[in-house]
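Each chain is listed here by its residues.
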Amino acid sequence: MSEFKMTTIEEMEAATNRLLETGAKVGADAWQFRVKNQTPHCKFGEQGVCCRICAMGPCRITPKAPRGICGCDAHGIVGRNFLKFTAAGAATHSDHGREICHTLYCTAEDGNYKVKDPDKLLRLAKEWGVETEGKDIYDLAHEMAEIGLMEYGKPFGYQKFLDRMPEGQKEKLIENEIAPRAIDREVSTSLHMAHMGCSSLPEALVKQSLRAGMADGWGGSMMGTEFSDVLFGTPKPIDTEANLGVMVAENVNIVVHGHDPSLSEMICEYADSPEMIAYAKEMGAKGITVSGVCCTSNEVAMRRGVPMAGNFLQQENVVLTGACEAIVVDVQCIFPALGPLSKCFHTKFVTTSPIAQMPDSEFIRFNAETAGENAKAIVKMAIENFKNRKPELVHIPDMKAKATVGYSVEAIVKTLDGVTNSQVDETGTTKPLLECITSGVIRGAVAMVGCNNPKIRPDYAHIELMKKLIANDIIVIASGCSAQAAAKAGLMDKSAKEICGAGLKRVCELADIPPVLHMGSCVDISRMMILAAELAKDSGLQINQLPVVGCAPEWMSEKAVSIGNYVVGTGIDTFLGVDPYVSGSSEMCELLTEGTRKWTGAAYTVETDIEKLTDLMIERIEEKRTALGI
Ligand code: XCC
Ligand code: SF4
């Protein structure tokens, strides 16, 4: 029998409970307690029927009061709320992408940031029709960065990357007014439409939600991903480890948390330097361990093999180990709780971005021009903090799993090339993967993404879903906190092939891959869109015909709704385990679960019963296969 042993949810929960005991000793608060204080949640908010977009309100819809003061009904209110939620998510991802464009603009031969993947830059330049002949690579980088930045505000035309879609699909999006124009315009238009006295027609609000999402997925996020690869290298398979046990008691522990690799890459660079390691030793530590939380962790894991301490709902746990010298954050998904929590320990909570400033933190403003100095100052601060540890509070759970990560589209295409009996494809297409799917060795693919949410037992939905999918010969590609849940459980260990169906197991053996492929952070869901587009083009299909679905079983953020909208907008059915505050409108529910099909060929399914959610996904994949006659 197999040697493979997963880390169970129960074991992870026991580890968390042990850490909460440490917390109790020092009077620390934790999300587990705050959830209790916030339950039950406001019913109006949950159903999406509370409107506070003008000062005549707030208005709440009830059977006795079916309209707000302006006369807007539940459908309009739910629709506007949904659109604003999406717009905020699109803005957030896209602004991250914009920062990456700026970083690319700041690259220099002898600067803080360099071009690590010039070939990718050249490929992108050709794709965008930019002359590369005889051009200095840094001149080209600056030119491409500027063109990328123009995508945010250009007055005419659609997002450049839409040309990556299979034939006819872009045109269909244009026809249905879902093709994204300038990114900032889609965000602004969304806010305009959701202003008092503008749109209250659910159909219009849903359409614009898709469009704003598409501006994220095929605009801001896609540029974020592509240019991050140019700057920091395109991910290739690399071994790492996941869960709190990656922190090392004898070392200075620096935890990076957030999203923008411009910060974390620099921190890793300096923490690795002989100068800093020597300094750490001088201060009584054995060395320096950098580990990560949330998407910034995915970024540095994919490119450097930096271990992953955990995902979203584990962020407080890293401080509760008592062994975290500094938790260094940039933007997004950072609990303001880290401020007061770090004060219960010796931990330095370092904020670095003007976008994410928080009380009880030390703010070291990080920017491209001074990145080296900033990173060095932060690493030094952490080292000097080692002596302030309280040894009686130190407890790192002895829990970690092996993971192979780094499956960019480029890496997947390359890795799967050798799988089928067909000749190795020199042009690097997805044909080998397609052959596996067509022959039924693999039934289909699920893109597992998104966060943790206390409404769901943390990681449970991610892990249970993935186990069942791979047992049914469905390959899983994962990103964000979903990927980290998989890694912690051991599903990104190559030996997890043992719990796969016979077909997928064979593919894993031949290609030497784990059954759950780590595709990166949440902006990297754009990688999944590119992969789907490539699969469609190589098979002569439209994306919505592929036996591929998306799933965010434990999502919580506005970004996740923006993602959902671009996945549906791309033509991929999307399954959610948490309701996006739309249950208060039958019309909105109908539109999102069926109505969008007429525009994109895909729609949402919301199902909070995880067992059922899995079955529905498997059913959908089999339906798609039947329709294709495979
Ligand atoms: Fe945040 Fe990206 Fe969600 Fe995780 S998955 S909680 S958004 S870190 Ni993106
Ligand atoms: Fe109430 Fe209408 Fe104002 Fe919303 S826009 S708060 S429903 S009056």
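Going by the annotation in an unreviewed UniProt entry, the name recorded for the protein is Carbon monoxide dehydrogenase, with Blautia faecicola given as the source organism. Here the protein is described in UniProt, under the heading Cofactor (unreviewed entry), as follows: "[4Fe-4S] cluster". Taken directly from UniProt, the Catalytic activity (unreviewed entry) text for the protein runs: "CO + 2 oxidized [2Fe-2S]-[ferredoxin] + H2O = 2 reduced [2Fe-2S]-[ferredoxin] + CO2 + 2 H(+)".

Draft legend 1. Region of interest: the coordination of the nickel atom of ligand 1. Among protein residues, the single donor to the nickel atom of ligand 1 is C522 (SG), with a metal-donor distance of 1.8 Å. Considering the arrangement of structural elements, one finds C522 in the loop between β13 (516-520) and α21 (525-539).

Draft legend 2. Summary view of the UniProt feature "binding site: [4Fe-4S] cluster 2" (unreviewed entry) in the protein. If you check UniProt for "binding site: [4Fe-4S] cluster 2" (unreviewed entry), the listed places come out as C51, C54, C59 and C70 in our numbering. Across 20 residues, the annotated set stays spatially compact, with a maximum C-alpha separation of 10.8 Å. Here C51 shows up in strand β1 (residues 50-51). Overall, the relative accessible area of 10% leaves C51 in the buried class. When neighbours within four sequence positions are excluded, C51 is seen to be in contact with P58, C59, I77 and R80. A residue is classified by how much of its surface remains accessible, and C59, at 14% relative accessible area, is buried. For C59, the residues in contact, after removing those within four places along its chain, are V49, C50, C51, G68 and I69.

Draft legend 3. Representation of the pattern of salt bridges. Tallied over the entire structure, the rule returns 42 salt bridges. E226 is the partner of K120 in a salt bridge, and the nearest nitrogen-oxygen pair spans 2.6 Å. One end of the pair, K120, is in helix α5 (residues 118-127); the other, E226, is in helix α9 (residues 202-232), with 106 residues separating them in the sequence. With a shortest N-O distance of 2.8 Å, R303 and E299 are connected by a salt bridge. Within this pair, R303 and its partner E299 are both found in helix α12 (residues 294-304), separated by 4 residues, close to a single helical turn.

Draft legend 4. Geometry of a negative patch on the surface. Taken together, the side chains of E109, D110, D136 and D139 present a region of like negative charge at the surface. On the secondary structure map, D110 appears in the loop between α4 (74-105) and α5. When its relative accessible area of 72% is taken as the criterion, D110 is described as exposed.

Draft legend 5. Examining the site of ligand 2 more closely. In the region of ligand 2, the neighbouring residues are C51, I53, C54, M56, G57, C59, G68, I69, C70, I77, R80 and M196. Of the residues in the shell around ligand 2, the class split is 9 nonpolar, 2 polar and 1 charged.

Draft legend 6. Here's a closer look at unusual backbone geometry. Note the cis peptide between T39 and P40, where omega equals -5 degrees. Here P40 lies in the loop between α2 (31-38) and α3 (43-47). The omega torsion across G57 and P58 is -5 degrees, close enough to zero to call that bond cis. As for its position among the elements, P58 is in the loop between β1 and β2 (59-60). Even without a glycine there, the phi angle at C333 is positive, about 70 degrees. Tracing the backbone shows C333 in the loop between β7 (326-329) and α14 (338-343).

Basis of the calculations
- Residues numbered from 1 in each chain as written.
- Chains lettered and ligands numbered in written order.
- Predicted model: local features only at pLDDT ≥ 70, side-chain atom pairs only at ≥ 80, totals over all residues.
- Heavy atoms only, no water.
- UniProt positions renumbered as here; feature names shortened; annotations may be inferred.
- Donors = N, O, S within 2.8 Å, 3.2 Å for Na, K, Ca; no water.
- Helix = DSSP H or I, 4+ residues; strand = E, 2+ residues; numbered from the N terminus.
- Buried < 20%, exposed > 50% of the residue type's maximum accessible area, 1.4 Å probe, protein only.
- Contact = heavy atoms within 4.5 Å.
- Salt bridge = Lys/Arg side-chain N within 4 Å of Asp/Glu carboxyl O.
- Patch = residues over 30% accessible without salt bridge, like charges linked within 9 Å, V, L, I, M, F, W, Y side chains within 5 Å.
- Areas by Shrake-Rupley, 256 points an atom, 1.4 Å probe, with all protein chains shown as cover.
- Lys, Arg positive; Asp, Glu negative; His and termini not counted.
- Charge placed at Lys NZ, Arg CZ, Asp CG, Glu CD.
- Near = heavy atom within 4 Å.
- Nonpolar A, V, L, I, M, F, W, Y, C, P; charged D, E, K, R; others polar.

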